[in-house]
Amino acid sequence: MPEAALLSVKDLVKVFPSREGKELRAVDGVSIDVRRGSTFGLVGESGSGKSTLSRCILRLLRPDAGTVSFDGQDMASMSAARVRRLRSRIQVVFQDPHGSLNRSKAVSDIVGAPLAAHRSGNRAARSARVAELLDLVQLPAAMAARKPRELSGGQAQRVAIARALALNPDFVVLDEAVSALDVSVRAQILNLLRELQGELGLTYLFISHDLGVVRYISQDIAVMYRGRIIEVGPREQLFAAPQHPYTRLLLDAVPIADPSRQRARMRLLGEQTGASDRPDLPDDAGCRFRSRCPVGADRERCATEDPRLEPHAAGGTLAACHYAGEIS
Amino acid sequence: MAESGTISVPTAARRRRVTLRIPPISVLLLLIIVLMCVFAPLVTPFGPNDVDPAHPFAAASGQHWLGTDELGRDLLTRLLYGGRLSLTVCAGSVVIAFLIGTIWGVSAAERRGFVEEILMRTADVTMAIPQILFALVCVAAFGASLLSLTVITGLLLAPTSARMARSVTIQETSLDYYSAGIAYGAGKIRLLTREVFPNILPALASQAVINAASAMILEASLSFVGLGVQPPQMSWGVLLQQGYGFLYNDPTYAVAPAVLILVTVFCLNLAANRLGSTRHRKVVRP
């Protein structure tokens, strides 16, 4: 990518020990570059490793290999004090709007907590900043005295966003930030996030299992499958000409609002969707998607060689598939 | 009955409010017992060691509400003064158990893995030691005094507090507000003391009240077998033991302290139950 990335992840690996002594490679060699001022969408089914990746970026987990560099600085080689300073520039909004707010605190304390933790300003300056932040996320000032249980899901998520913005971050990780919300509220929050991005010049890493939502907000999109990125590229190219069969399946799973077109497509898809019922194969040398793959399930090369993420002639994205050209 | 069925919703709502406002009977009873012990000199005209050899084992009367003991001392007066000591041991050991247990359990929850294993297995081993045996060894080593009794009881109760503290801390720190706190750069100590502690306090308080009941029984048992405070100091356990010797002459002598211990323990357990159910109730999401 031409511009310098604000956040750059290289070959990140995070392994969890699982029972029976086996290892679970939750994130297995992932590299992403997030351009300054853009939104990078990360999609994948549950268990694909997207939240583990975000927790490694946030340094809530220590990666086992690979680097995370923010604004050109490698976070792994940093002292604890510098990581702490850097934390004010990277913030997070989680999925569960109520679990991410301390139930015994008032909204004003929750939003002001990052300021207090960094000892920024005196009490009066902080409460002025809290009022400013509530205004920024379009919550009435009267909300400041409320407790989280008195808020709706959408209001609670606005509070979580206000807290994330308290320290004037450059980068916000939105980990399934709208997934728990009603559809109408979700649209409001997505629009709010867009407005804030324009106003404050924020960079987002937007994580979701919902391709439609990711499409709405992201400029670049990566698709994760079992700890790997299997396709990544600009939104338009990814949606216009998906290279990887898994991306295709995901796109086809998004319903079309026109019933006659939807029915026509379902007829075409009939055979392919059945493929997802096949169980996952154990890790071996081959492509890890092949048990569910409508293209390469029986091909020799897919069983013996793990495909690398590389450009293909047919589209503008990088895809990890040997036969990427053949499916579109 | 049929009538109350039709208006069951409003009465249920009203009843819950009322129980929250008026302290329950268990708490009121405890308060009365504590206040009477604390203000014993105002409640009774006698001193705890005022002997009246002319009237040993006097029956209950207007002057001596519970009668007198073998030396003619007023039994009620001795119970009130003895209660001061019993309650002091009880309160002191609960505070010790709370402080040690909370630090113990929260550290274990925070340092998962090796440190946690060591801390919690230590708790298991401590709880497996017979309490009376442990107390016997300690009393032999440090002597039987108010202080040693309080510390021994507190140490014996600390592991239960530690277990409770660990489990509720793990519950809290797995919530996203804790992760968010780490992410915005708050230190762990700050998060634990300012954010987590207020949330786990109701559970810890409830455990502390249960511990108070255990401490009461433990103190009484130790005193009864002669490992508690030594006469002329007295506690309910000591009085129970002295009265036990005259069980057939004067049953009130032994029964009165026994009933007091029983009522106190019972009320403490009820109060702990109440604390656990109203304050530590899971927040229902709307």
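Residues numbered from 1 in each chain as written. Chains lettered and ligands numbered in written order. Predicted model: local features only at pLDDT ≥ 70, side-chain atom pairs only at ≥ 80, totals over all residues.

Describing the interface of chain B and chain A
Next up, step 1: Taken together, the contact pairs 16 residues of chain B with 22 residues of chain A.
Next up, step 2: Going through the elements one at a time, α9 (176-183) and α10 (188-224) of chain B are the ones with two or more residues in the side of chain B that touches chain A.
Next up, step 3: By residue number, the principal contributor to the side of chain B that touches chain A is α9 of chain B, which donates six residues.
Next up, step 4: Per-class residue counts for the side of chain B that touches chain A are nine nonpolar, three polar and four charged. (Contact = placed C-beta atoms within 7 Å. Helix = DSSP H or I, 4+ residues; strand = E, 2+ residues; numbered from the N terminus. Nonpolar A, V, L, I, M, F, W, Y, C, P; charged D, E, K, R; others polar.)

Comments concerning the pairing of strand β10 (residues 228-234) of chain A
All names here are of chain A.
Next up, step 1: The element β10 is largely enclosed, with a buried count of six among its seven residues.
Next up, step 2: Across six bridges, the pairing between strand β9 (residues 220-225) and β10 is antiparallel. In the sheet register, Y225 faces β10, and the bridge partner there is R228.
Next up, step 3: Connecting β9 to the antiparallel partner β10 that follows it, the hairpin turn spans two residues, and R226 within it adopts a positive phi of roughly 45°.
Next up, step 4: As paired strands, β10 and strand β12 (residues 318-319) are joined by two bridges and run antiparallel to one another. Bridge pairing in β12 places E231 opposite A319. (Buried ≥ 20, exposed ≤ 12 C-beta atoms within 10 Å, placed from the backbone. Pairing = 2+ DSSP bridges.)

With respect to the confidence of the model for chain B
All names here are of chain B.
Next up, step 1: Overall, the predicted model of chain B reaches an average pLDDT of 83, with 89% of residues at or above 70.
Next up, step 2: A low-confidence stretch, residues 1-19 stays under pLDDT 50, and its non-local contacts, those more than four residues away or across chains, total one contact.
Next up, step 3: Confidence drops under pLDDT 50 across residues 280-286; counting only partners more than four residues distant or on other chains, this segment forms six contacts.
Next up, step 4: Among the scores for the predicted complex, ipTM is 0.83 and pTM is 0.80. (pLDDT = per-residue confidence, 0-100.)

What to know about the sheet that holds strand β2 (residues 23-35) of chain A
Paired through backbone hydrogen bonds, the strands of a sheet run either parallel or antiparallel to each other.
Residue and element names in this part refer to chain A.
Next up, step 1: Reading across from one edge, β2-β1-β4-β5 is the order of the four strands in this open sheet, with antiparallel pairing throughout. Every other strand in the sheet has two partners, leaving β2 and β5 (73-74) as the edge strands with one partner each.
Next up, step 2: Of the strands in this sheet, β1 (5-17), β2 and β4 (65-70) touch helix α1 (residues 50-57), which is tilted by about 115° from β1. (Axes fitted to C-alpha atoms, helices over the stretch in contact; angles between N-to-C directions.)

Notes on helix α4 (residues 123-136) of chain A
Residue and element names in this part refer to chain A.
Next up, step 1: A rise of 1.5 Å per residue sets the reference length of α4, with its 14 residues, at 20 Å; its end C-alpha atoms lie 20 Å apart and thus fit the reference within 8%.
Next up, step 2: Among all positions of α4, only R126, V130, L133 and L134 are buried. Taken around the axis of α4, the buried residues stretch over an arc of 100°, which confines them to a single face. Turned more than 90 degrees away from the buried face of α4, the exposed residues are A124, A125, A128 and D135.
Next up, step 3: Looking one or two places after α4, you find Q138, whose phi comes out positive at around 60°. (Expected span 1.5 Å × (residues − 1). Arc of directions from axis to C-beta.)

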